[in-house]
Amino acid sequence: LGKRNAYRIFLILVITVYAMIIFGALAGFTNIYSVGCLVSIPYALKAIRELKKNYENSDAVVPAMAATVYYSRVTSLFLAVSMMVPVFQQAFIAHI
């Protein structure tokens, strides 16, 4: 693959994740709360910028790796919460 192509693939994967989240919410595959995952975009952008600058230097990509971990964890957390919100809403409405 090479480092440059690995960076390009990473970029495509990040864009694909956000496109799927937005499309899923608009198409009704997920609920509207899933767009809350977009709050992780700053971490994704930081990872992309750091990788673009330093993909040749393995030691210099550590900040990009950290941003990638934050991006993936924040996105996962918000996606999980977005799936639980409707369940709690239904349970709350059922008890009213």
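*Asks:* Outline the overall build of the protein, listing residues and values.
*Replies:* The helix and strand tally for the protein stands at three helices and zero strands. The secondary structure elements of the protein, listed N-terminal to C-terminal, are α-α-α. Its C-alpha atoms give the protein a radius of gyration of 17 Å, clearly above 12 Å, the size a compact globule of 96 residues would have. The dimensions of the protein, computed from C-alpha atoms along their principal axes, are 60 × 25 × 20 Å. Here the protein, with 96 residues, has 24% of them falling under the buried criterion.

*Asks:* Please set out the nonpolar core residue by residue, giving values where relevant.
*Replies:* One finds Phe10, Val14, Tyr18 and Leu51 to be the most contacted residues of the largest nonpolar core, which totals 15 residues. Broken down by secondary-structure element, the contributors of at least two residues to this core are helix H1 (3-27), helix H2 (41-54) and helix H3 (62-94). Ranked by residues supplied to this core, first place goes to H1 with five residues.

*Asks:* Account for the packing of H1 against H2, naming residues and giving values.
*Replies:* Packing of H1 against H2 brings their axes to within 10 Å, and their N-to-C directions diverge by 165°. Considered as vectors, H1 and H2 are oriented roughly antiparallel to each other. The hand of the H1/H2 crossing is left-handed. In contact with Tyr7, Phe10, Leu11, Val14 and Tyr18 of H1, H2 contributes Ile41, Ala44, Ala47, Ile48, Leu51 and Lys52.

Cut-offs and rules
Residues numbered from 1 in each chain as written. Predicted model: local features only at pLDDT ≥ 70, side-chain atom pairs only at ≥ 80, totals over all residues. Heavy atoms only, no water. Helix = DSSP H or I, 4+ residues; strand = E, 2+ residues; numbered from the N terminus. Rg over C-alpha atoms; globule rule 2.2 N^0.38 Å. Buried < 20%, exposed > 50% of the residue type's maximum accessible area, 1.4 Å probe, protein only. Core = buried A, V, L, I, M, F, W, Y, C linked by side-chain atoms within 4.5 Å. Axes fitted to C-alpha atoms, helices over the stretch in contact; angles between N-to-C directions. Parallel < 35°, antiparallel > 145°, perpendicular 65-115°, else oblique. Left-handed = near helix turned anticlockwise from the far one by under 90°. Contact = heavy atoms within 4.5 Å.

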